[in-house]
Amino acid sequence: QVQLVESGGGLVQAGGSLRLSCAASENIFSLPIMGWYRQTPGKQRELVAQITNSGHKSYADSVKGRFAISRDNAKSTVYLQMNSLKPDDTAVYLCNAWRNVFGSPSWGQGTQVTVSS
């Protein structure tokens, strides 16, 4: 399993921005699918954004136009730029990665994002 470490969470006011980082323990070129999920107590874990090695990106409807996912293979890091944050974005954000479709994903420990009104 690849090790994933998230950073960049914090407390911001509505309308503010944060950039989350996910550093992997190996070259992420070997991890063709990476993404960000978020978890709130009492709610199912939600896929926020995903990116492939081919550059294809997908987003949850709730964050389209506000969040942007990117990957830097040279730095073994995936980013999530979060703009125009809303209180409903408050959650623990987790990075995940797939090595191939026949395996199971790796998960980071999560980073807390709190958006105040």
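Now for a look at the structure at hand. As the structure is a computational prediction, the values presented were derived from the model and not from experiment.

What follows deals with the overall build of the chain. Summing up its helical and strand segments, the chain has zero helices and eleven strands in all. Helices and strands in the chain line up, N terminus first, as β-β-β-β-β-β-β-β-β-β-β. Against the 2.2 N^0.38 benchmark of 13 Å for 117 residues, the chain shows a C-alpha radius of gyration of 13 Å, consistent with a compact globule. Once the C-alpha set of the chain is aligned to its principal axes, its extents read approximately 40 × 25 × 25 Å. For the chain, with 117 residues in total, the buried portion stands at 40%. Taken as a whole, the chain presents about 6200 Å² of accessible surface, with 52% of it coming from carbon and sulfur. In the chain, which carries 11 positive and 7 negative side-chain charges, the distance between the mean positions of the two groups comes to 3 Å.

To continue, consider the state of the cysteines. For the coordinates displayed, the defined rule picks out one disulfide. Shown here is the disulfide that connects Cys 22 with Cys 95, its sulfur atoms set 2.1 Å apart. Judged by the torsion about the S-S bond (-80°), the Cys 22/Cys 95 disulfide is left-handed. You can see Cys 22 sitting in strand 3 (residues 18–24) and its partner Cys 95 sitting in strand 9 (residues 91–98), a full 73 residues away along the chain.

All right, on to the sheet that holds strand 3 then. What the four strands build is an open sheet, ordered 1-3-8-7; its pairing is antiparallel. Looking at the sheet topology across the chains shown, the edges are occupied by strand 1 (4–7) and strand 7 (67–72). Looking at each pair of strands side by side, their axes are set apart by 15° on average, direction ignored. By the bridge criterion, six bridges tie strand 3 to strand 8 (residues 77–82) in an arrangement that is antiparallel. Following the sheet pairing, Leu 20 is matched in strand 8 by Leu 80.

Glancing now at the packing of aromatic side chains. Per the stated rule, a full pass over the model turns up one aromatic pair. On the basis of an interplanar angle of 65° and a centroid distance of 4.9 Å, the ring pair of Tyr 37 and Trp 107 is categorised as edge-to-face. In this pair, Tyr 37 sits in strand 4 (residues 33–39) while Trp 107 sits in strand 10 (residues 106–107), placing the two residues 70 residues apart along the sequence.

The next thing to look at is the pairing of strand 8. With five of six residues buried, strand 8 is to be regarded as a mostly interior element. The sheet contact formed by strand 7 and strand 8 spans six bridges and is antiparallel. Bridge pairing in strand 8 links Ile 69 to Leu 80. What sits between strand 7 and strand 8 in their antiparallel hairpin is a turn of four residues, with Ser 76 showing a positive phi close to 50°.

Let's shift gears to the side chain of Thr 52. Mapping Thr 52 onto the fold places it in strand 5 (residues 46–52). Among residues more than four places away in sequence, those in contact with Thr 52 are Pro 32, Ile 33 and Arg 71.

Moving on: unusual backbone geometry. For Ser 76, which is not glycine, the phi torsion reads 50° and is therefore positive. We classify Ser 76 as buried; its relative accessible area is 14%. If you check the backbone angles, Ser 84 has positive phi at about 50° while not being a glycine. Classification of Ser 84 as partly exposed rests on a relative accessible area of 41%.

So, how was this worked out
- Residues numbered from 1 in each chain as written.
- Predicted model: local features only at pLDDT ≥ 70, side-chain atom pairs only at ≥ 80, totals over all residues.
- Heavy atoms only, no water.
- Helix = DSSP H or I, 4+ residues; strand = E, 2+ residues; numbered from the N terminus.
- Rg over C-alpha atoms; globule rule 2.2 N^0.38 Å.
- Buried < 20%, exposed > 50% of the residue type's maximum accessible area, 1.4 Å probe, protein only.
- Areas by Shrake-Rupley, 256 points an atom, 1.4 Å probe, with all protein chains shown as cover.
- Lys, Arg positive; Asp, Glu negative; His and termini not counted.
- Charge placed at Lys NZ, Arg CZ, Asp CG, Glu CD.
- Disulfide = S-S within 2.5 Å.
- Pairing = 2+ DSSP bridges.
- Axes fitted to C-alpha atoms, helices over the stretch in contact; angles between N-to-C directions.
- Phe/Tyr/Trp six-rings, centres within 6.5 Å; stacked < 30°, edge-to-face > 60°.
- Contact = heavy atoms within 4.5 Å.

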